[in-house]
Amino acid sequence: MHRPRRGRTVVADNMKRVQILSIAVDRVTMAEAVERCLGFIDAGGPHLVVTPNAEIAAAAARDPDLAAIINGADLVVPDGIGVVAASRLLGDPLPEKVGGCDLATNLLAALERRGGGRIFLLGTRPEVVAEAARRLADAYPHVDVVGWRDGFFRPEEEPEILAQIREARPDVLFVALGSPKQERWLHRHLRSLGVPLGMGVGGTIDVWAGAVPRAPEWMLRANLEWLYRIVRLRRVSRSVPPLVRFALAVLGERWRRGRSHK
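Conventions used here
Residues numbered from 1 in each chain as written. Predicted model: local features only at pLDDT ≥ 70, side-chain atom pairs only at ≥ 80, totals over all residues. Heavy atoms only, no water. Helix = DSSP H or I, 4+ residues; strand = E, 2+ residues; numbered from the N terminus. Buried < 20%, exposed > 50% of the residue type's maximum accessible area, 1.4 Å probe, protein only. Pairing = 2+ DSSP bridges. Contact = heavy atoms within 4.5 Å. Axes fitted to C-alpha atoms, helices over the stretch in contact; angles between N-to-C directions. Right-handed = clockwise from strand over helix to strand, strands pointing away. pLDDT = per-residue confidence, 0-100. Salt bridge = Lys/Arg side-chain N within 4 Å of Asp/Glu carboxyl O. Patch = residues over 30% accessible without salt bridge, like charges linked within 9 Å, V, L, I, M, F, W, Y side chains within 5 Å. Areas by Shrake-Rupley, 256 points an atom, 1.4 Å probe, with all protein chains shown as cover. Parallel < 35°, antiparallel > 145°, perpendicular 65-115°, else oblique. Left-handed = near helix turned anticlockwise from the far one by under 90°. Nonpolar A, V, L, I, M, F, W, Y, C, P; charged D, E, K, R; others polar.

Asker: Go over the environment of H47 with me, naming the residues and quoting the values.
Answerer: By the element assignment, H47 lies in strand β3 (residues 47-50). Taking the relative accessible area as the measure of exposure, H47 reaches 5% and is therefore buried.

Asker: Kindly report on the sheet that holds strand β4 (residues 75-76), identifying the contributing residues and their values.
Answerer: Pairing in this open sheet of six strands is parallel, and the strands run β4-β3-β8-β7-β5-β6 from one edge to the other. A strand with exactly one partner marks an edge of an open sheet, and here the two such strands are β4 and β6 (143-149). Judged from the four bridges that link them, strand β7 (residues 172-176) and strand β8 (residues 197-200) form a sheet pairing that is parallel. Bridge pairing in β8 links F174 to M199. Each of β5 (117-123) and β6 is contacted by helix α6 (residues 126-139), which is oriented at about 175° to β6, the strand it contacts most.

Asker: Would you mind going over the pairing of β6 in detail, with residue names and values included?
Answerer: Judged from the six bridges that link them, β5 and β6 form a sheet pairing that is parallel. Across the sheet, F120 pairs through a bridge with G147, a residue of β6. Regarding topology, α6 serves as the crossover connection from β5 to the parallel β6, and that connection is right-handed.

Asker: Can you explain the confidence of the model for the protein? Please cite residues and give values.
Answerer: Chain-level statistics for the protein give a pLDDT mean of 88 and a share of 85% at 70 or above. In the model, residues 1-11 has pLDDT below 50 throughout and makes 37 contacts with residues more than four positions away in sequence or in other chains.

Asker: Please provide a residue-by-residue account of the pattern of salt bridges, values included.
Answerer: Here the structure, examined in full by the defined rule, presents 14 salt bridges. One salt bridge connects R27 with D92, and the closest N-O pair in it is separated by 2.8 Å. One end of the pair, R27, is in the loop between β2 (23-26) and α1 (30-43); the other, D92, is in the loop between α4 (81-89) and α5 (100-113), with 65 residues separating them in the sequence. Overall, R27 belongs to the partly exposed group, its relative accessible area being 32%. Here E160 and R149 are joined by a salt bridge, their closest N and O atoms 3.6 Å apart. In this pair, E160 is assigned in helix α7 (residues 158-168) and R149 in strand β6, connecting sequence segments eleven residues apart. Using a relative accessible area of 49% as the deciding quantity, one classes E160 as partly exposed. Connected via shared salt-bridge partners are R149, D150, R154, E156, E157 and E160.

Asker: Quick one: what's the story with a nonpolar patch on the surface, residue by residue and with numbers?
Answerer: Nonpolar side chains collect at one region of the surface, where L89, V240, V244, L248 and L251 lie side by side and expose about 390 Å² of accessible area between them. For the nonpolar patch, the leading source of residues is helix α12 (residues 236-260), giving four residues. One can find L248 in helix α12. Its relative accessible area of 57% is what places L248 among the exposed residues.

Asker: Please provide a residue-by-residue account of unusual backbone geometry, values included.
Answerer: With omega at 10°, the peptide bond leading from S179 into P180 counts as cis. Considering the arrangement of structural elements, one finds P180 in the loop between β7 and α8 (181-193). Backbone geometry at T124 places phi at a positive 60°, although glycine is not the residue there. Turning to its location among the elements, T124 is positioned in the loop between β5 and α6. Of the residues examined, T124 reaches a relative accessible area of 10% and is grouped as buried.

Asker: Quick one: what's the story with the packing of α7 against α8, residue by residue and with numbers?
Answerer: Where α7 meets α8, the closest approach of the two axes is 10 Å, and the angle between their N-to-C directions is 50°. With respect to their mutual orientation, α7 and α8 come out oblique. In this structure, α7 crosses over α8, and the sense of that crossing is right-handed. Of α8, the residues touching α7 (which contributes E158, L162, I165 and R166) are W185, R188, H189, S192 and L193. Of the residues contributing to the contact of α7 with α8, the split by class is four nonpolar, two polar and three charged.

Here it is in structure tokens:
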């Protein structure tokens, strides 16, 4: 089995980031993002990967602490066509959407191809994360699921969870606590855990378990997965207001940049 090579440091290249309101997103393709993640694993820990969509970008614009966590991450990828569209509207286009679920799944496939790795799953309901661990073990036999824990834990249980992760010694920690809770949790604990790569994955564990379906293929190709999630998960009242705020903020930023260039 492949074992990570330790010692090499991989840092974020802020010169290649695109500013979207209060956050900066890496100018990477999916393939490049996967390679960066493999490099983080080889280098040792800790490295934080964040996958903001338009909702998270809108939240960060109103929350300086969240914006600081995102901007301090080692890799920030555009999880949603809204962020990519905003970059184009602002005149500094990102190459493509790099969805968090797809990035996590492609990383598992890359680890399988090169001989394996160790992963830990944290989040969602107990029966769901257990099923995800079982399915991943079947799908990627060279990738060891070295531990899992549901996301419904009390504050007093947190030291036990942290000890469980440290003892498991994963190369990758996938955290599905919902955003921005998962980003805050990783920012607070990743350095002390000694995990090379920590990534907030939202509903990805539910998808891996088969508990939540992905959008139909035609919607994925048309970049309409965001619409599918809003309707399928009945998130209209939760998701639409921040999306509207994000769109208006981007249009306002474009107008300000246009005036400044006159």
